[in-house]
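# A structural walkthrough
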Amino acid sequence: MEVRFAVGPEETKGFDTQQLIDNFLVKDLLVADKLKLVYMHYDRVIVGGAVPVAKTLTLPNHPELRAEYFLERRELGIINVGGKGTVTADGKKFELDKLSCLYLGKGTQKVSFASASKKNPAVFYLLSSPAHATYPNAMFTKEQASPVELGAVETANKRTVYKYIHLDGLKSCQLVMGLTVLAPGSVWNSIPPHTHTRRMEVYLYFDLPEGQRLFHFMGNPMETRHMVMTNNEAVISPPWSTHFGCGTTNYGFIWGMAGENLVYTDMDPAPVPTLK
């Protein structure tokens, strides 16, 4: 498990491209037959990926957690962006199709990941935060996630938002998680831009075709920075940072947050005309 420490807006202001990548971009997260984890010192969230192809993968317990097992004091959200797969939690099997979400609560001891087919393996994206209360393990399909249509063709940001783990969905202690799918011809996400100093956030960009790229903008809204991303890469957004992006084609992205509250709409707008 890689560990990344927090950096502030004044430090980030002077970063070059490589320093931005080293601190905020998570590359090679979704690798065949690997389970990878990155521990962040923003609300102590862990982002991970599990891609079981030829074997079943097991959620490890890293010594840095000083726990008897990974979810002793944590909760976990899992979204599948690949083929059909199975997550087994303390002996109970959950079948996840593409874009299904599973929540595992504090106290779940044994977690493993498997694919239904080697030719079309499951691609499990993981997001975990500390938890001080226990909520039941439960799964949502994308059809259960109260899809909401936002944006417009005219502004190239027509998109469908699926909310999974939130106040009116799968219950959690402090984890919020869902995904957004942009319509063909739309490329801008998270417009209008915003910040929320009460919560950190992580994006995973997926279904970005080969040869295409995503420009992710971050930093102080009055002094933005950007990184160029490819498919299945994640980006860390500190609580003080804006987070929005533009692709060379349409795509999907998973958003996940943890911090002071569970209110999806709690944000401080940074209107487009104010950006610099």
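About the criteria used
- Residues numbered from 1 in each chain as written.
- Predicted model: local features only at pLDDT ≥ 70, side-chain atom pairs only at ≥ 80, totals over all residues.
- Heavy atoms only, no water.
- UniProt positions renumbered as here; feature names shortened; annotations may be inferred.
- Helix = DSSP H or I, 4+ residues; strand = E, 2+ residues; numbered from the N terminus.
- Buried < 20%, exposed > 50% of the residue type's maximum accessible area, 1.4 Å probe, protein only.
- Contact = heavy atoms within 4.5 Å.
- Pairing = 2+ DSSP bridges.
- Core = buried A, V, L, I, M, F, W, Y, C linked by side-chain atoms within 4.5 Å.
- Polar contact = N/O pair within 3.5 Å; in protein donor to acceptor, adjacent residues only side chain to side chain.

- For the protein, an unreviewed UniProt entry supplies the name 4-deoxy-L-threo-5-hexosulose-uronate ketol-isomerase and the organism Lacibacter sediminis.
- Per its UniProt entry, the protein bears the Function (unreviewed entry) comment "Catalyzes the isomerization of 5-dehydro-4-deoxy-D-glucuronate to 3-deoxy-D-glycero-2,5-hexodiulosonate."

### Here we look at the environment of T230
- Tracing the backbone shows T230 in the loop between strand 20 (223–229) and strand 21 (233–237).
- For T230, a relative accessible area of 25% translates into the label partly exposed.
- Considered as a pair, T230 and F215 are 15 residues apart in the sequence and their alpha carbons are 9.1 Å apart.
- Residues in contact with T230, not counting those within four places in the same chain, are L208 and R213.

### Details of the sheet that holds strand 14 (residues 159–165)
- Here seven strands make up an open sheet; going across it, the order is 2-21-18-23-15-14-13 and the pairing antiparallel. Of all strands in the sheet, those bounded by a partner on one side alone are strand 2 (25–26) and strand 13 (148–150).
- The pairing of strand 18 (residues 199–206) with strand 23 (residues 252–259) spans eight bridges and is classified as antiparallel. Bridge pairing links L204 to I254 in strand 23.

### Quick look at unusual backbone geometry
- Residues I191 and P192 are joined by a peptide bond in cis, for which omega reads 5°.
- Despite not being glycine, A156 shows a phi value in the positive range, around 55°.
- Relative to the helices and strands, A156 is located in the loop between strand 13 and strand 14.

### Re the nonpolar core
- Counting 56 residues, the largest nonpolar core has F24, M40, V47, Y125, Y164 and I254 as the members making the most contacts within it.
- Examining the composition of this core, we find that six residues originate from one element, strand 18, more than from any other.
- Those residues within four positions of F24 in sequence are excluded, and the remaining contacts are R4, V7, T12, F15, Y42, M218, M227, A234, V235, I236 and P238.
- Listed in part, the 23 residues of the second largest apolar core include I46, L65, F94 and V111.

### A word on the environment of L182
- As for its position among the elements, L182 is in strand 15 (residues 175–182).
- It is 11 Å that separates the C-alpha atoms of L182 and F206, two residues lying 24 residues apart in sequence.
- Ignoring any residue separated from it by four or fewer positions in sequence, one finds L182 in contact with K158, R159, V187, W188, N189, N250, Y251 and F253.

### Structural notes on the UniProt feature "binding site: Zn(2+)" (unreviewed entry) in the protein
- UniProt records the feature "binding site: Zn(2+)" (unreviewed entry) for H194, H196, E201 and H243 in the present numbering. Despite a sequence span of 50 residues, these residues sit close together in the fold, their greatest C-alpha distance being 11.6 Å.
- Owing to a relative accessible area of 4%, E201 belongs among the buried residues under this scheme.
- Those residues in contact with E201, other than ones at most four positions away along the chain, are H196, V235, I236, S237, H243, W255, G256 and M257.
- Among the polar contacts listed, one links the side chain of E201 to the side chain of H196, at a separation of 3.0 Å.
- Residue position: H243 is located in strand 22 (residues 242–247).
- For H243, a relative accessible area of 0% gives the class buried.
- Those residues within four positions of H243 in sequence are excluded, and the remaining contacts are S190, H194, T195, H196, E201, Y203, H216, F217 and S237.

### A closer look at the pairing of strand 19 (residues 214–220)
- Judged from the seven bridges that link them, strand 19 and strand 20 form a sheet pairing that is antiparallel. The residue bridging N220 from the neighbouring strand is E223, located in strand 20.
- In this structure, the hairpin formed by strand 19 and strand 20 is closed by a connection of two residues.
- Sheet topology note: the strand 19/strand 22 ladder contains six bridges and is antiparallel. By the bridge assignment for strand 22, F215 is matched with C246.

### What to know about the side chain of T242
- On the secondary structure map, T242 appears in strand 22.
- Of note is the side chain of T242, whose polar atom sits 3.3 Å from the backbone oxygen of H194.
- Dropping the residues within four chain positions of it, T242 is found in contact with P193, H194, T195, F217, M218, G219, P221, T224 and S237.

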